[in-house]
Amino acid sequence: MSDSGGPDVTQELRLPWDDDPEYLYEHAPCGYLTTLPDGTIVKVNQTFLSWTGFQRGDLVGHRRFRDLLSAGGQIYHETHYAPLLRMQDEVHELALDVVCADGRTLPTLVNSVLARGPAQEPRAIRTMVFNATERRGYEKELLYARKRAEDSERRVRVLQQIVADLAAAPTEAEVAEAVVRAPEPAFGAASSSIYLVDAERDTIVAVASTDPTTGNWDDMPRSSPRAVARVAERGDLHVVGSLTEAKEHFPDLVESMRKSGRNTVVLLPLTTGPSDENATAETLGVLAFSFTGERSLSAAELRVVRLLGQQAGQALDRARLYDDARRREEQATFLAETTRALDELPRLLPRARRLVDRMVPEVADWASVRLSVGPTGLLEEAGGPPPDPDLLAEAMARATAAAAPVFPADDDKVAFVVLPLTARGRVLGTLSLRMVHDARGPAAERAFLTELADRSGLALENARLYEQERQIARTLQRSLLAADLPGGDARFSVETHYQAAGQDLEVGGDWYDAFLIHADKLAVVVGDVVGRGIDAATTMGQLRSAIRALADTEAGPARLLEGLDRFVDRVETARMATVAYVEVDLAAGEAVYACAGHLPPLLQEPAGSPEFLLQGRSAALGSRAGDTRRTEHRRRLPAGSRLLLYTDGLIERRTRPIDKGFEILAREFARRRDAPLPGLTAGLADMMVGRDHPDDVCLLCLTLGTEERIERTISADRMQIALLRADLRGWLASHGVEPETRDSVLLACSEAVANAIEHGYRDDPFGMIDVAATVTADAVEVRVTDHGTWRGAVTDVARGRGLQLIRESMDQVLFDRSDGTTVTMRRAREAE
């Protein structure tokens, strides 16, 4: 009975071979072999014989199992199968190839069991063999599919990296560098080269290569019959699979392929659009890569190759747009900076010098500016070497005559550009540039150079006009300031100094004047007109004339300023001018002064400290703000007083408060209280502002009365002797000293000072010499003192002609060496 209670039908089934186990063994779905422990076959079934084509008699007792295996299988049997079987008594699913009777190889899977006797001695090996032909094919298909997947994944990764590199490459050169490295990791190429199309020059330029020896590594015209040019023209992919194909389609590749050992070359156009849109896509370059053996690219690889061409082309297009934008920005920046740099220098020659300096090396290897100005013209050059002078002269003549640039031919590797410098309809000269080939040619570069020449021409013309106006203004200003100042009166002396701005700026409006209103009244004035240039110089002259016209014996400073206010109502350019005006009564020793917006005069009396005269102040001329009531102030001036009038350029600085400037001026003026009047204003200006100052400086120093005793301190400099002599001569003349006596005193004093410089301060150029002189009704006495160290006795050192002149000129000469050296000289005056 069955488990369900019904009859057991399996007891009634009878299979045909139930009673024939031998049939089951012989025709089993796998091969059976029984071998001795040494591998000798003693039994084999019919299934194995049918698979391998052997006869039973060929195997049983004659062959070992290992003899049926392939060479690799025999080695595996020796190193793995037999050792494992002895250790484990069984092995399972070993893949071995059996060599059939006809030489075919039968892939199999083998299971073996080692049978042992009672004493565990090996007795027999029973082996089951399965036919693995279909399985091996399936495995190969799987391996091939996996390899294709891995290759595809690798190419995708490489392509993704290339796309990322292309996206990060902003310039054409960086894109080319990223593209030329792609074929080696993506397709296993041996070498790669990239060529880019230069549409403006109609050429194909070799840009980068991983191995430049593998091809014709030079530029070519787009119409060239070479393979790269033809692919660029057609815009389609070409795979040259062998030398035979190269001979048929691209003969120029044969020699390079043979020399480099390359058998396959891929020529990929780099286009701006998909391959199916070649009618509208633009070819920007060609990527050529090669393989050492004959390489067949699969359809999937060809798709990746085309995709690489599209991605690279789009990246090149983007990079060119970026390069163009960057180049335009750089050119605009260069033009702006050049214009600004030229505007910083108002003079023509410095502008021309700066222009050529900016050209080299940023724009050209050599630059020259030639201007037709003045009798000999102007020429400035930078860089080198210059081009052929005859060719250059011819090109300059053409550019000047046509007022148009002269550019070299595109095939001229080393040439020059001549640009006319034009402004306001006239050609001023030429700008010549010697440029490397890559910097010339394209329309954008030519437009940039033309714009550069236009801006430079205008800047140079403005500098020429500035110099012309500046010269006119300087001439006008000198003519006004050089007018005769009053002199020859023992009651006063006037010393003036004008120093133009030291940075080549326009002429300023600083001015001074001194004149006698009548025999006993002296007027001195210093003023500053707003603005610069010829207008300021003209206004300065008008104000100067107006002051002379308004000054009279009864007017006084306040009323004169009121008259100037009415004057500036008619002369607008004089508005906001400042004036310091002083009238001196020479007989009474009094001064009346007024300042209209000007800095206060500085008074140094014979005794005491300098004093700024801060009264009598009001607003600038024509001012509509501030205190416009004109006031004046009277001040007693003792004999020997010095009054300094000056303009703001002397003390005003952006880097310090104006009070500091007043303090320094007062200190330096006091230090020069005993200095000779000639040269005093020039020395004061030199100390206060130096020679490099952005503003004009004007000074007027008035010395009043006759000093009873003159005392001067000068430096140990022979140049100071002439100034001292002029000051002493005036002082002696003011005291009515007779000419013969005066000349003798001047000669002796000069020789004594010269001896002190030569011998007392021979090793000390910073030494100081004190000179004092007094006049009585009977004689003139002069004392010269130095604090140096004389070598040897004074009489020995001064034994030369100097001492002889002193003794012949003076009646009495005494030497005192108690504190330095003092020479006292006395000369009697002539009886009346």
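Now for a description of the structure that goes with this document. (Residues numbered from 1 in each chain as written. Predicted model: local features only at pLDDT ≥ 70, side-chain atom pairs only at ≥ 80, totals over all residues. Heavy atoms only, no water.)

### Considering the overall build of the chain
A count of helices and strands for the chain gives 22 helices and 31 strands. Oriented by its inertia axes, the alpha-carbon framework of the chain measures out at about 185 × 75 × 70 Å. By sequence separation, contacts in the chain at least 24 residues apart represent 62% of the contacts at least 6 residues apart. Averaging the coordinates of the 99 positive side-chain charges in the chain and doing the same for the 128 negative ones gives two points 2 Å apart. (Helix = DSSP H or I, 4+ residues; strand = E, 2+ residues; numbered from the N terminus. Contact = heavy atoms within 4.5 Å. Lys, Arg positive; Asp, Glu negative; His and termini not counted. Charge placed at Lys NZ, Arg CZ, Asp CG, Glu CD.)

### Considering the nonpolar core
Counting residues in each nonpolar core, the largest one holds 33 residues, and the members touching the most others are Val-175, Phe-187, Ile-194, Leu-287, Phe-289, Val-305 and Leu-308. If you list the elements that add at least two residues to this core, you get α5 (133-168), α6 (172-180), α7 (183-187), β6 (191-198), β10 (264-271), β11 (283-291) and α11 (299-343). Examining the composition of this core, we find that seven residues originate from one element, α11, more than from any other. Not counting residues within four places of it along the chain, the set of residues in contact with Val-305 comprises Phe-187, Leu-237, Val-266, Leu-268, Phe-289 and Leu-297. The next biggest cluster of nonpolar side chains, apart from the first, holds 32 residues, and it includes Phe-334, Met-359, Leu-378 and Ala-453. (Core = buried A, V, L, I, M, F, W, Y, C linked by side-chain atoms within 4.5 Å. Buried < 20%, exposed > 50% of the residue type's maximum accessible area, 1.4 Å probe, protein only.)

### Observations concerning helix α20 (residues 739-760)
Over its 22 residues, α20 extends 31 Å from the first C-alpha to the last, a length consistent with the 32 Å expected when each residue adds 1.5 Å. Along α20, 16 of the 22 residues are buried, which leaves the element largely enclosed by surrounding structure. (Expected span 1.5 Å × (residues − 1).)

### Describing the sheet that holds strand β12 (residues 366-371)
Strand order in the open sheet formed by four strands is β13-β12-β15-β14, with antiparallel pairing between adjacent strands. Every interior strand has two partners, whereas the edge strands, β13 (378-383) and β14 (415-423), have only one. Averaged over neighbouring strand pairs, the angle between their axes works out to 15° when direction is ignored. Here nine bridges tie β14 to strand β15 (residues 426-435), and the two strands are oriented antiparallel to one another. Counted as the bridge partner of Ala-415 is Met-435 from β15. With respect to the sheet, helix α13 (residues 389-402) is in contact with β12, β14 and β15, its orientation differing from that of β14 by roughly 35°. (Pairing = 2+ DSSP bridges. Axes fitted to C-alpha atoms, helices over the stretch in contact; angles between N-to-C directions.)

### A word on the pattern of salt bridges
Summed over all chains, the structure comprises 42 salt bridges. Here Arg-64 ties to Asp-67 by a salt bridge, and the two come within 3.5 Å at their closest N and O atoms. In this structure, the salt-bridge partner of Lys-521 is Glu-583, at a minimum N-O distance of 3.9 Å. Of the two residues, Lys-521 sits in strand β18 (residues 521-528) while Glu-583 sits in strand β19 (residues 578-585), which places them 62 residues apart along the sequence. Considered together, Lys-521 and Glu-583 belong to a single accessibility category, that of buried residues. Residues joined by salt bridges that share partners form a network here, namely Glu-255, Arg-258 and Lys-259. (Salt bridge = Lys/Arg side-chain N within 4 Å of Asp/Glu carboxyl O.)

### Focus: the side chain of Asp-323
If you trace the backbone, Asp-323 turns up in helix α11. Relative accessible area serves as the criterion here: at 7%, Asp-323 is assigned to the buried category. For Asp-323, the residues in contact, after removing those within four places along its chain, are Pro-170, Thr-171 and Glu-172.

### Here we look at the packing of aromatic side chains
Evaluation of the coordinates by the stated rule reveals six aromatic pairs. Ring geometry for Phe-65 against Tyr-81: centres 6.2 Å apart, planes inclined by 40°, an arrangement best described as tilted. A residue pair is termed long-range when its members are at least 10 positions apart, and Phe-65 in the loop between α3 (56-59) and α4 (71-88) and Tyr-81 in helix α4 qualify at 16 residues. Here Phe-65 and Tyr-81 have matching classes, each one buried. Three or more aromatic residues joined by ring pairs form one cluster here, namely Phe-187, Phe-289 and Phe-291. If you follow Lys-43 out to its NZ or CZ, it ends over the ring of Tyr-25, 4.5 Å from the centre. (Phe/Tyr/Trp six-rings, centres within 6.5 Å; stacked < 30°, edge-to-face > 60°. Lys NZ or Arg CZ within 6 Å of the ring centre and 35° of its normal.)

### Description of the pairing of β14
Along β14, eight of the nine residues are buried, which leaves the element largely enclosed by surrounding structure. Between β14 and β15, which pair antiparallel one after the other, the connecting turn spans two residues, and Arg-424 there sits at a positive phi close to 55°.

### A few points about the sheet that holds strand β3 (residues 90-99)
Strand order in this open sheet of five strands is β2-β1-β5-β4-β3, and the pairing throughout is antiparallel. In this open sheet, the two edge strands, each paired with only one partner strand, are β2 (41-44) and β3. Here the strands of the sheet are splayed against their neighbours by 30° on average, with no regard to which way each runs. As judged from the eight bridges shared by β3 and strand β4 (residues 105-116), these two strands associate in the antiparallel manner.

### Let's talk about the packing of α11 against helix α12 (residues 348-359)
It is the contact of α11 with α12, at a shortest axis distance of 9 Å, that shows an interaxial angle of 155°. The pairing of α11 with α12 is recorded here as roughly antiparallel in orientation. As α11 packs across α12, the resulting crossing turns out to be right-handed. Taking contact as the criterion, the partners of Phe-334, Glu-337, Thr-338, Ala-341, Leu-342 and Asp-343 in α11 are, on α12, Arg-351, Arg-354, Leu-355, Arg-358 and Met-359. By residue class, the composition of the contact of α11 with α12 is five nonpolar, one polar and five charged. (Parallel < 35°, antiparallel > 145°, perpendicular 65-115°, else oblique. Left-handed = near helix turned anticlockwise from the far one by under 90°. Nonpolar A, V, L, I, M, F, W, Y, C, P; charged D, E, K, R; others polar.)

In short, shape yes, function no, at least from these values alone.
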